[in-house]
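In case you want the letters, here they are:
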Amino acid sequence: DNCKFEFDMALRRKGVEKIIVMVLEPSCRNQNSWKHTVGGKLGGLLYIDMSSNEDSLEFEEGVQRLVKTIRDMAGAPQKLPAAAGVSHPQPSHPQCSHPQQQLPKEVAEQLATVEAPPTEPTILLKQLSVDQVCNLLHSLEMGNYAAGCREQKVSGRKLELMDNEDLAECGVGLKIDRKTLLSYVQEYVADGVPLSKIAETKDAAPASDEKENAVAATTAEGGSNEALTKNAADKMYTKVSAADDLNDATDTAETKDAAPASDEKENAVAATTAEGGSNEGPAQDLEPSEGDPLSATANHNLPGAGINKFALAEFLASGGVEFTGSDREYGFVRGQQLSKEQPYFEVTIVVDREDGIGIGLCGNKVMSGAMPGWPAYPSIGYHSDDGGLFQGRNYGMPFGPPCHAGDRMGCGVLFSAGGVAETVVFTKNRELIGWVPLPASGMLFPVVASAAPAVANLDLKAELPSFPPACWVKTGTAEAIAFSNLALAVASAKDGDIVTANGGVHAFNKGLAVTRSITICGVEGKELAAEPELRGGEDFVIDSKGIKVRLKGLSIKSFGGDKSAGWEELGGAGGVCARQGSITIESCKISSQNGTGVVSTLLCQLHASHTNVGPCGRHGIVFFAQGKGGIFAPGEGSVETSRNDRGVQLLDGVTVRDCEEVGVAVNQSKGSLTITGCSVEACKDGLVVHPAKVTLQSSSFVGCRRNAIKVLSWRSEGLACEVQCKECTIKDCPMGLRAEGGGGVAKIGWDNSNTIQECITSFACEEGGVIDQHTEPSGEESEYSEYSESSGG
């Protein structure tokens, strides 16, 4: 951690003889308990006891002793620890005398006879030549900045006068390196530069080449590098400096008297580019400013060029980026804006952590502490840890496969023939994952971030892979027109058109509104599992407001919302909403993680066949007459109906399963619903009617956790609630049939063509509810089956 880092640096730069030991906690007074480096280096020194209360005499005496020790040490920097600590008498107060502070007599005598170590010869910093400054940088493990300092002809006198910005202009791109170098400069101005620090060294050490070769070998193997720790990555990679302007960097590269080491590094970078790695170099570490904390920009012509903003990231000679953030301090880099000429970039994961890397697009605003797609700034992102797609939320939508070390994550923008940005695409190992409508016209800046220390290679000049269009629109006999995303195609389609979606993921942030009489289908001849997947994160994935809409061969998945929200509320929505007109759903799969699979107003003529609904976080299918608020409120595209309105609904060969609440719910209407050849499985309630007229034919209700069929007429005076069943089966449910009156008629017709099996209770009638058997029910029944009748039922 930082404390250990600073302690180690103090030992290395100042030595034990310039360390003053203080004890701040009573439990630390026993020096025998000091362990590791602290005990080994400082365990034999006398300490100043500062562990008493701040208002005590002992604490005040400790302060005075500390002041005197500092003054003595500053006036005699070469004194041994005994001279600095032992020479001071112990405080007279008895509570401040500690036996462990008294050195044995023989040790004190031995220390008194020890002479001070010889002083290393030094030279004034201002006397150093340019070459000696470069040698000094190598001895301080900053040799990668020597070429830039040589180019700027930085002598010792010039180095004395340089500040943070001056160092950045010389190519010292990392803020921590500039801070460390300035600290060394202050020390050398006061004490001089040891001659050993400026001994002649070579600009390119063999070790550097070995490190780069090791990195190349690791990358070539293509295996997982997950076991590589951050410290190991530090040893494998060599940081490179930044230039603050593209023209300056170009001039530097063309300078004839540039050091040979600089040429070798640039050749190594060029080789990396040829192999498909990052071909652009580091940006300088930007200083925060008000508003946008990283508002400055820069262009560079070194490995990583094209990156104009970054934080908590270091650029490596291998062409990669090391993200140094942790916990909530996420590192990021942002590249120059994508264009029709360069619409795509890639990131190859070298070293990753379980928290993952995110890639995507953002606008002008970007900041550390947030992954792409989080709400901190407008952006869209694909994350490696779970394959989620994030668009302005802290939770993601399942989108693609996870990515690990060795994988290449890609992101690009598809432009129209006129140069208008339309669609975002993501890839893994250059294979297409899916299409997403571009959230905003200015969201064209590549951004890469990591939630933990990681290393990745950036290729901001990668070639966009070729893949087919997202969809086509066909009008009559005319040739089909290709579109880059489904939302554009649906918005452009006219009445009677057919929109064909290609296989892959079609993701929508706020759903797909259909306002024309069109057909949306998958490619003919494919199996359902291979059909296109339409995925949405808010409201309904498909919101039908057209006259006549047909959905065929689609997988429709909703991932947005909140399970605690009502089905009519924002967040409680789901897969398909049929608001008005008519809608036909054929051979589709519909699910909603937190909401309802299908919602239909009873003014709409809904016909669903050979379709699977579920799993759903709330209901499977809901039919209702009118909404009083939420997303069905007047003025929000809702349908105003009365209880006398009639709609005809048909479910034919539909399977509803794994719904947290009701499989099929019919609410508040005199409309009719026919259910034929359907199956409702593993829902809390199978069918709930309140009130309406429902006809069940050859359908089954299996494994419901509460009621298989329930009718109720509470607060429904004058409205009949009736369910007629023919050739239906109820199996393995706590309650088979329940009829509850309470104001209106609640009736279930159940003749001997139907069967009830393995139910704890077969029938229950309450408050005027009626179950009309006509004859005794047939079929095998459980020994636990019984008939329950309450007063008035």
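Residues numbered from 1 in each chain as written. Predicted model: local features only at pLDDT ≥ 70, side-chain atom pairs only at ≥ 80, totals over all residues. Heavy atoms only, no water.

S.K.: Sorry if this is basic, but what is going on with the overall build of the protein here?
M.R.: The number of helices and strands found in the protein is 15 helices and 52 strands. Nonlocal contacts in the protein, meaning residues at least 24 apart in sequence, comprise 64% of its contacts between residues at least 6 apart. (Helix = DSSP H or I, 4+ residues; strand = E, 2+ residues; numbered from the N terminus. Contact = heavy atoms within 4.5 Å.)

S.K.: Can you help me understand the environment of Leu-361 in this one?
M.R.: Note on placement: Leu-361 falls in strand β10 (residues 357-362). For the pair Leu-361 and Val-448, spaced 87 residues apart in the sequence, the C-alpha separation amounts to 8.5 Å.

S.K.: Even after reading the chapter, I still don't get the environment of Asp-8, so can you show me in this structure?
M.R.: Structurally, the position occupied by Asp-8 is in helix α1 (residues 2-13). In the structure, Asp-8 is positioned 30 residues away from Val-38 in sequence and 9.9 Å away in space, judged by C-alpha atoms.

S.K.: Is there a simple way to explain the state of the cysteines in this structure?
M.R.: By definition, a disulfide links the sulfur atoms of two cysteine residues through a covalent bond. Taken as a whole and assessed by the stated rule, the structure comprises 0 disulfides. The cysteine Cys-683 is free of any disulfide, with Cys-659 supplying the nearest cysteine sulfur at 3.9 Å. (Disulfide = S-S within 2.5 Å.)

S.K.: How should helix α10 (residues 175-191) be read in this particular structure?
M.R.: One turn of the α-helix equals 3.6 residues, which is why residues spaced by three or four share an orientation. If you check α10, its first and last C-alpha atoms are 25 Å apart, about what 17 residues at 1.5 Å a residue would give, namely 24 Å. Considered for burial, the residues of α10 that qualify are Asp-177, Arg-178, Thr-180, Leu-181, Tyr-184, Val-185, Glu-187 and Tyr-188. (Expected span 1.5 Å × (residues − 1). Buried < 20%, exposed > 50% of the residue type's maximum accessible area, 1.4 Å probe, protein only.)

S.K.: Looking at this structure, I do not really get the pairing of strand β22 (residues 505-508). What am I missing?
M.R.: Each regular strand shows side chains that alternate between the opposite faces of the sheet. Both faces of β22 are covered, namely the face carrying Val-505 and Ala-507 and the face carrying His-506 and Phe-508. Looking at chain direction, strand β16 (residues 431-437) and β22 are connected through 2 bridges and run parallel. From the neighbouring strand, Gly-434 faces β22, where its bridge partner is Val-505. (Pairing = 2+ DSSP bridges.)

S.K.: Would you mind going over helix α6 (residues 130-139) with me for this structure?
M.R.: Looking only at α6, the buried set comprises Val-133, Cys-134, Asn-135, Leu-136, Leu-137 and His-138. Elements in contact with the buried residues of α6: α7 (146-151), α8 (156-161), α10 and β4 (193-194). Immediately beyond the C-terminal end of α6, within one or two residues, lies Glu-141, with a positive phi of roughly 65°.

S.K.: Any chance you could explain a negative patch on the surface here in plain terms?
M.R.: A grouping of Glu-354, Asp-355, Asp-385 and Asp-386 is seen on the molecular surface, where their side chains present a negatively charged patch. Mapping Asp-355 onto the fold places it in the loop between β9 (344-351) and β10. For Asp-355, a relative accessible area of 40% gives the class partly exposed. (Patch = residues over 30% accessible without salt bridge, like charges linked within 9 Å, V, L, I, M, F, W, Y side chains within 5 Å. Areas by Shrake-Rupley, 256 points an atom, 1.4 Å probe, with all protein chains shown as cover. Salt bridge = Lys/Arg side-chain N within 4 Å of Asp/Glu carboxyl O. Lys, Arg positive; Asp, Glu negative; His and termini not counted. Charge placed at Lys NZ, Arg CZ, Asp CG, Glu CD.)

S.K.: In this structure, what is going on with the nonpolar core? I would like to understand it.
M.R.: By size, the foremost hydrophobic cluster in this structure holds 77 residues, and its most contacted members are Leu-551, Leu-651, Val-664, Leu-687, Leu-696, Ile-709 and Ile-730. Not counting chain neighbours up to four residues away, the residues in contact with Ile-709 comprise Leu-687, Leu-696, Phe-701, Cys-725, Ile-730, Gly-736, Leu-737, Arg-738, Ile-748 and Trp-750. Core analysis: the second largest hydrophobic core is formed by 39 residues, Phe-315, Ile-359, Leu-438 and Ala-456 among them. (Core = buried A, V, L, I, M, F, W, Y, C linked by side-chain atoms within 4.5 Å.)

S.K.: How do you make sense of unusual backbone geometry when you look at a structure like this?
M.R.: Glycine aside, residues mostly have negative phi, and peptide bonds are mostly found in the trans state. The step from Gly-614 to Pro-615 runs through a cis peptide bond, and the omega angle for that step is 0°. On the secondary structure map, Pro-615 appears in strand β34 (residues 612-616). At His-610, a residue that is not glycine, the phi angle is positive and equals roughly 50°. Here His-610 is to be found in the loop between β33 (605-609) and β34.

S.K.: Explain the packing of aromatic side chains to me, please; I cannot follow it from the model alone.
M.R.: Describing an aromatic ring pair means giving the distance of the ring centres and the angle of the ring planes. For the structure on display, the rule yields 6 aromatic pairs. Seen from their ring centres, Tyr-184 and Tyr-188 are 6.0 Å apart, and the 20° between their planes marks the pair as stacked. Of the two residues, Tyr-184 and Tyr-188 both sit in helix α10, 4 residues apart, roughly one turn of that helix. In terms of burial, Tyr-184 and Tyr-188 fall into one category: buried. For the ring pair Phe-399 and Phe-426, a centre distance of 5.8 Å and an interplane angle of 85° mean the geometry is edge-to-face. With a gap of 27 residues between them, Phe-399 in the loop between β13 (397-398) and β14 (408-415) and Phe-426 in strand β15 (residues 421-428) connect regions that are remote in the sequence. By the burial criterion, Phe-399 is buried, and Phe-426 matches it. In this structure an aromatic cluster arises from ring pairing among Tyr-382, Phe-399 and Phe-426. Looking at Arg-334, its charged tip hangs above the ring of Phe-445, at a distance of 4.1 Å from the centre. (Phe/Tyr/Trp six-rings, centres within 6.5 Å; stacked < 30°, edge-to-face > 60°. Lys NZ or Arg CZ within 6 Å of the ring centre and 35° of its normal.)

S.K.: Looking at this structure, I do not really get the pattern of salt bridges. What am I missing?
M.R.: Any two side chains of opposite charge can pair, so long as their charged atoms come close to each other. Under the defined criterion, the tally for this structure stands at 17 salt bridges. Through salt bridges that share partners, Glu-346, Arg-408 and Arg-430 make up one connected network.

S.K.: What should I look at first to understand the sheet that holds strand β8 (residues 331-335) in this one?
M.R.: As summarised here, the arrangement of the 7 strands in space is β5-β8-β17-β10-β11-β12-β13, forming an open sheet in which the pairing is antiparallel. Bordering the open sheet on either side are β5 (307-311) and β13, each of which pairs with just one other strand. Inspection of the sheet shows strand β12 (residues 388-390) paired to β13 by 2 bridges, in the antiparallel sense. Bridge pairing in β13 places Leu-389 opposite Met-397.

S.K.: Whenever I open this one, the confidence of the model for the protein confuses me. Can you help?
M.R.: Any residue range with low pLDDT should be treated as having predicted coordinates unsuitable for detailed reading. Looking at the protein as a whole, its pLDDT mean stands at 75, while 71% of the residues score no less than 70. Segment residues 633-645: pLDDT under 50, and 31 contacts once partners within four positions in sequence are set aside and those in other chains are kept. (pLDDT = per-residue confidence, 0-100.)

S.K.: Any chance you could explain the pairing of strand β32 (residues 596-601) here in plain terms?
M.R.: Counting buried positions along β32 gives 6 out of 6 residues, so the element sits mostly inside the fold. For strand β29 (residues 574-578) and β32, the ladder comprises 4 bridges, and the chain directions are parallel. Residue Gly-574 lies in a different strand from β32, and its bridge partner there is Thr-596. Where β32 and strand β35 (residues 621-624) come together, 4 bridges link them in parallel fashion. Within β35, the residue paired with Thr-601 across the bridge is Phe-624.

S.K.: Teacher, can you tell me more about the environment of Leu-687 here?
M.R.: Of note, Leu-687 is situated in strand β41 (residues 685-690). A relative accessible area of 0% places Leu-687 in the buried class.

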